[in-house]
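In case you want the letters, here they are:
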Amino acid sequence: PVGAEGRPAGGPPLPFRLEDGALMPLSRAARRFPGLSARGVEVAAFAREVAVIEGPADLAAAFALLESDGLEFRALVDDAGGETWELICAPRGGEARVDIAPAGPARRELARLRAELRATRAERDAAEAVLDAAPVMAWRRDGAGRVVWGNALYRRMSGAGEAQAETATGVRPGTGARP
């Protein structure tokens, strides 16, 4: 069922087939999806009209890979009206299929928290890279008092080799990156 302005009012996702670079609606409800005509919509136009929250940054390229190679993906997108949608894209029955479902607030919050976690990890890795190159010894211990990270000078002064350093600290020396 479709509610106001063609938005799904609960129920199953709206089904589409990806054909020759266009999303083709497979149900009456899908034909009423905002921005679509009975002939569907070109994926490039669809990709320009939504903002990817989670999933492939280049949505048009992901659609192309789904259609050509059967490479499945999921994405969370916001449309121009501020609605959030989940795209479930996978080959089924010999076709490239795209199911579009409204994303609830919990799904949106989960995506926000994942993005925040990625940003926090990137900041931590950048700080560790700076500390790794610092001309002073720096290290971090866990709750049990074990050294879980040490910068290059600490590793050199403590006699930890490169292999020992990665095993002992969980950090590839000189990169700040985790294996």
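This write-up is about the structure you can find in this document. (Residues numbered from 1 in each chain as written. Predicted model: local features only at pLDDT ≥ 70, side-chain atom pairs only at ≥ 80, totals over all residues. Heavy atoms only, no water.)

1. A few points about the pairing of strand S7 (residues 95–102)
Then step 1. Burial analysis of S7 places 6 of its 8 residues in the buried class, the great majority of the element.
Then step 2. Examined bridge by bridge, strand S1 (residues 14–19) and S7 share 5 bridges and lie antiparallel to one another. Among the inter-strand pairings, Leu 14 is bridged to a residue of S7, identified as Ile 100.
Then step 3. As judged from the 8 bridges shared by strand S6 (residues 84–92) and S7, these two strands associate in the antiparallel manner. (Buried < 20%, exposed > 50% of the residue type's maximum accessible area, 1.4 Å probe, protein only. Helix = DSSP H or I, 4+ residues; strand = E, 2+ residues; numbered from the N terminus. Pairing = 2+ DSSP bridges.)

2. Focus on the packing of aromatic side chains
Then step 1. A complete count under the given rule lists 3 aromatic pairs for this structure.
Then step 2. Ring centres 6.1 Å apart and planes at 70° place the aromatic pair Phe 46 and Phe 63 in the edge-to-face group. With Phe 46 in helix H2 (residues 43–49) and Phe 63 in helix H3 (residues 59–69), this residue pair connects regions lying 17 residues apart in the sequence. Here Phe 46 matches Phe 63 in class, with each residue buried.
Then step 3. In this structure an aromatic cluster arises from ring pairing among Phe 46, Phe 63 and Phe 73. (Phe/Tyr/Trp six-rings, centres within 6.5 Å; stacked < 30°, edge-to-face > 60°.)

3. Points about the pattern of salt bridges
Should their charged atoms come close, side chains of opposite charge can pair.
Then step 1. Evaluation of the coordinates by the stated rule reveals 11 salt bridges.
Then step 2. Between Arg 17 and Glu 95 there is a salt bridge whose closest N-O contact spans 3.7 Å. Of the two residues, Arg 17 is situated in strand S1 and Glu 95 in strand S7; the sequence distance between them amounts to 78 residues.
Then step 3. By relative accessible area, Arg 17 is classed as partly exposed at 23%.
Then step 4. You can call Glu 95 partly exposed: its relative accessible area is 29%.
Then step 5. Among the ionic pairs, Arg 155 bridges to Asp 132, the shortest N-O distance being 3.0 Å. Pair noted here: Arg 155 is in helix H5 (residues 152–158) and Asp 132 is in helix H4 (residues 105–133), with a separation of 23 residues, a long-range link.
Then step 6. Looking at Arg 155, the relative accessible area reads 6%, which means it is buried.
Then step 7. By relative accessible area, which is 8% here, Asp 132 ends up buried.
Then step 8. One salt-bridge network, in which partners are shared between bridges, spans Arg 17, Glu 19 and Glu 95. (Salt bridge = Lys/Arg side-chain N within 4 Å of Asp/Glu carboxyl O.)

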